[in-house]
Amino acid sequence: MKRLYLYIIGFFSLMNLPIGAQEYKIYQFTKNNIPQIDGDVRDWECVPASYAITEKALKEDEGKHAHPNPETLQVSVKVGWCAETQRLYFLYEAYDNYWRFSENSLNTDIFEVVVDGDCSGGPFIDRFHPTAPKDVWQAWFKFHGCHAQNYHIFTPPHGRDWCMLWGPQVWLKHAPYADYACHYDFEEGEEGKLVLEFYITPFDHADADGPEFSHPTLLEEGNEIGLCWAIIDWDDNLTSKDGFWNLSEEHTMYGNASYLKKFKLMPVQP
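Just so it is clear, the structure is predicted and the values come from calculations on it, not from any experiment.

Rules behind the numbers
Residues numbered from 1 in each chain as written. Predicted model: local features only at pLDDT ≥ 70, side-chain atom pairs only at ≥ 80, totals over all residues. Heavy atoms only, no water. Core = buried A, V, L, I, M, F, W, Y, C linked by side-chain atoms within 4.5 Å. Buried < 20%, exposed > 50% of the residue type's maximum accessible area, 1.4 Å probe, protein only. Helix = DSSP H or I, 4+ residues; strand = E, 2+ residues; numbered from the N terminus. Pairing = 2+ DSSP bridges. Lys, Arg positive; Asp, Glu negative; His and termini not counted. Salt bridge = Lys/Arg side-chain N within 4 Å of Asp/Glu carboxyl O. Contact = heavy atoms within 4.5 Å.

A. Summary view of the nonpolar core. Counting 59 residues, the largest nonpolar core has Phe90, Phe111, Ile200, Leu227 and Trp229 as its most contacted members. Looking at this core, the element that brings in the most residues is strand S13 (residues 224-233), giving 7 residues.

B. Up close: the pairing of strand S14 (residues 243-246). Neither face of S14 is open: one carries Gly243 and Trp245, the other Phe244 and Asn246, and all of them are buried. Bridging between strand S3 (residues 59-60) and S14 involves 2 bridges; their strand directions are antiparallel. Note on S14: the bridge partner recorded for lysine 59 is asparagine 246. Here S13 runs beside S14; their pairing, made up of 4 bridges, is antiparallel. Counterpart to aspartate 233 in the pairing with S14 is glycine 243.

C. Focus on the side chain of aspartate 235. In this fold, aspartate 235 is placed in the loop between S13 and S14. For the buried aspartate 235, no salt bridge is present, and the opposite-charge side chain at shortest range is arginine 100, 8.0 Å distant. Filtering out sequence-adjacent residues up to four positions away, aspartate 235 remains in contact with Asp96, Asn97, Tyr98, Arg100 and Asp242.

D. Local environment of unusual backbone geometry. Cis geometry is adopted by the peptide bond preceding proline 156, which originates at threonine 155 and carries an omega value of 0°. Looking at where proline 156 falls in the secondary structure, it is placed in strand S7 (residues 149-158). With a phi close to 55°, cysteine 119 is a non-glycine residue in the positive phi region. Within the secondary structure, cysteine 119 is located in the loop between strand S6 (110-116) and helix H2 (136-142).

Written out as structure tokens, the structure is:
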């Protein structure tokens, strides 16, 4: 028995994974089977269930809930990539007992995604700039969202506006760098299921002056990227959100890429 225990400990040490830790993987699509951004989940049937990350992996880090309650919020996220397109693809499926989205503000249901393509880590929003009080505009235009990017994705979209790209690089949320499709059949305040499909393009340096001054991430098989998300859930309380459900253990992952999870770009499956 002791020998078996030592073998298990040694195995996880070699894998560089603590016992009980989850391995985060990004499924590789070939050029011929990349998802069409139309909200049709059948494009994702080839992705094994082991790639799905549900509400069970999330923590409500504002102290409002001790554990996820599937009766009020259920989520499933799958992430894919393609070497030919150099894009990250997402399938976000969510059930909520109360959807809030008609107000054109950030006080609505949001899927917040943060990506650090080269795992460089460190702060990347203006308020975390070391000299932000002195260099307000420099922190915004030359620092915020440059080496890592934050997308506040409205669920559902606010009219034709599908997300707030947090930073001056607004070109990042438009084609050919991003696109989306969303399906739902509920009204404000109702319960129901939402399907969101989208892609984004990670950049090692995203410049406020445009893509011609920027450097996209080179996505290569076997590499890791920094990635994380949070579900910001609003119900009928107009002044306080119901929960901030975070994949990271650190609330400020939204502005510090060192707190993101590492996701591995997987090879094509047989």
